[in-house]
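# Topology and contacts: notes
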Amino acid sequence: MDESVVAIPDDADRRAGTGTGLAQQSPSVRAGWLPWAAALLGLLSFLLVRGSLTDDGYITLAYAKNLALHGEWALAPGNIANSATSPLDVLLLGLLTFVTRISGAAHPVLALGALTVLSSGALGWAWLRLTRRFRLAPWAALLGVLLVVANPFLLSATGLEVLLVPAILLWLVVFAVEGRPVWFGVAAALTVLTRLDLIVFVLVITFATAAIRRHFWRAFGTAVAVAAPWFLVSWFALGSFIPDTLVIKQNQEGLFGTWGYFTGPMMYFMFQPVTVIVTFVSALVGVVFLVAWLGVRFARRWEGFPPLAPVVGLGAGGVLYYVVYSTLGVGPYHWYYVTPVVSTAMFAVLMAAVWLAESGQRPVLRRRAPLVALGLATVVAAGNVAVDVAQGVPWPSPVVFGNWASSTDYARVGRELGARLQGKSVAGPGEIGTLAYYCDCQILDVFSDRSQVAPIVQRRIAGASAAEALALRVNYQWFDRTQPKRRVDYRLLYGKGPASGPDSWTVTSAAKGVGHFTLAPEG
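Report on the accompanying structure.

Rules and cut-offs
Residues numbered from 1 in each chain as written. Predicted model: local features only at pLDDT ≥ 70, side-chain atom pairs only at ≥ 80, totals over all residues. Heavy atoms only, no water. Core = buried A, V, L, I, M, F, W, Y, C linked by side-chain atoms within 4.5 Å. Buried < 20%, exposed > 50% of the residue type's maximum accessible area, 1.4 Å probe, protein only. Helix = DSSP H or I, 4+ residues; strand = E, 2+ residues; numbered from the N terminus. Contact = heavy atoms within 4.5 Å. Pairing = 2+ DSSP bridges. Axes fitted to C-alpha atoms, helices over the stretch in contact; angles between N-to-C directions. 1 Å grid on protein atoms, 1.4 Å probe; cavity = no way out; pocket = protein on both sides within 12 Å on 5 of 7 lines; lining within 4 Å. Points joined across faces, edges and corners; volume = space filled by probe spheres on them. Nonpolar A, V, L, I, M, F, W, Y, C, P; charged D, E, K, R; others polar.

This paragraph deals with the nonpolar core. In this structure, Trp127, Leu170 and Val311 are the most contacted members of the largest nonpolar core, which totals 153 residues. Per-element accounting of this core gives the leading share, 13 residues, to helix H18 (residues 338-359). Among residues more than four places away in sequence, those in contact with Val311 are Phe134, Val173, Val177, Phe347, Leu350 and Met351.

Structure below.
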């Protein structure tokens, strides 16, 4: 996927009036409103979902809260853990939460709103850079933003790093397209700090882009310099390079019955067909564009055509990411689909927009096809918005939802549970994020208590192949895998139907109906 074509004139050429001069006449140079429009869309999306955050989103918020208040990398105060999937997300939320303390109290949800707006603005800014680079129609770029921000699967996972991911991936493409190896290295480091599994995109875009390959060691050295401090701290202080969520999720075999990551979309389709269609159809179009481009790319050469290898790397990375996750043995959690869906959707819009821009200069390229593609993308984006709004304004619960209780009920139970425990410990019921955030108590499960992670790691090593076992041993080199399990004073149990008796709370869920939690003494 080498760029064997002439690059688009840079800004200096445009100012000097050299090069093609086309960019000077393009409306793309007047698209400075894109980041602001994207930030506004991010703000509106947050206001829509802020009262219905998923339980896993509150795991991240609890980490940020403890980091801002106590300087601890912990889900429950005083219990160092390593179950935060996205270190960069927690660090940014923790910093913004710390800033909110100027009012006298920490406000992690407000910090999440600020990060949502900033991430959306960064996404719009990246689109602006690509718009000017490829002379794209600004409305097409705005469509690319809307397909991400209004995605129902993404919005249903607000609180996690789902919006940070597309923003950083698109900046990775920007620096590759612009041939900036040092900045590409910075973006690569931030990408793997956002989610380590995003290294798939870093590798694909790196080796697809000649400008980055030629300066590989500059890009690689920069990435290592930026990312290494965190990973060394994580390895020595937290006991593992990779967050514990990988072995935890792999240990949940059977949680979704016979459904796995590969077949997960069909599972969701059985219950929410319209939501799945509007979420995945743009990604499927992206796959079609990828196959078509690869066929055309190796069949002929177009002199002077823009260097699209980094853009193609974005789409190819999304496909490869889906393949990798399908082999990891993890469950079909809906937020796991956000990365491949939004990356291939952005790729599809980018390719159609570039095609449209080039058709104005190349009669052989007909305008009708990209206009139809972008028109269909507009219909899909409108479908996303329709699904979002149909859920209610603001949302009473996420569109894609499976928790035992609404966030409002979990908040009520968490506050009363913290007051009831008076410093004693409680074993969590299986969903812990919102409870941990609101109770500020010693609520223990595999996500907050690393003594419960130790036996999982031991079993994984015992049952792994030689290579996987070696990787696990290296990853957990500084983790005490023999530590005894912590003492539990109470258990919080979930059951169906309304509560009855003391220390019991009735809750409701759009997915599970009426249920209750009961606090029971251990033993």
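With mixed pairing, the five strands of this open sheet are ordered in space as E2-E1-E3-E5-E4. Two strands bound the open sheet, and with one partner strand each, they are strand E2 (442-444) and strand E4 (504-509). Shown here is a sheet whose adjacent strand axes are inclined to one another by a mean of 30 degrees, direction ignored.

Take the layout of surface pockets next. Estimated volume of the largest pocket: approximately 1200 Å³. Lining the largest pocket are 43 residues, and of these Leu255, Phe256, Tyr333, Gly402 and Glu431 sit closest to its centre. Elements with a minimum of two residues in the lining of the largest pocket: helix H4 (55-70), helix H14 (245-250), helix H15 (264-271) and helix H22 (453-463). Across the lining of the largest pocket, the residue classes break down as 23 nonpolar, 11 polar and nine charged. Here the second largest pocket is characterised by a volume of approximately 780 Å³. Surrounding the second largest pocket, 34 residues form its lining, Asp197, Ile242, Thr245, Leu246 and Tyr325 being those nearest its centre. In terms of residue count, H14 provides more of the lining of the second largest pocket than any other element does, five residues in total. In the lining of the second largest pocket, the residues fall into 20 nonpolar, seven polar and seven charged.

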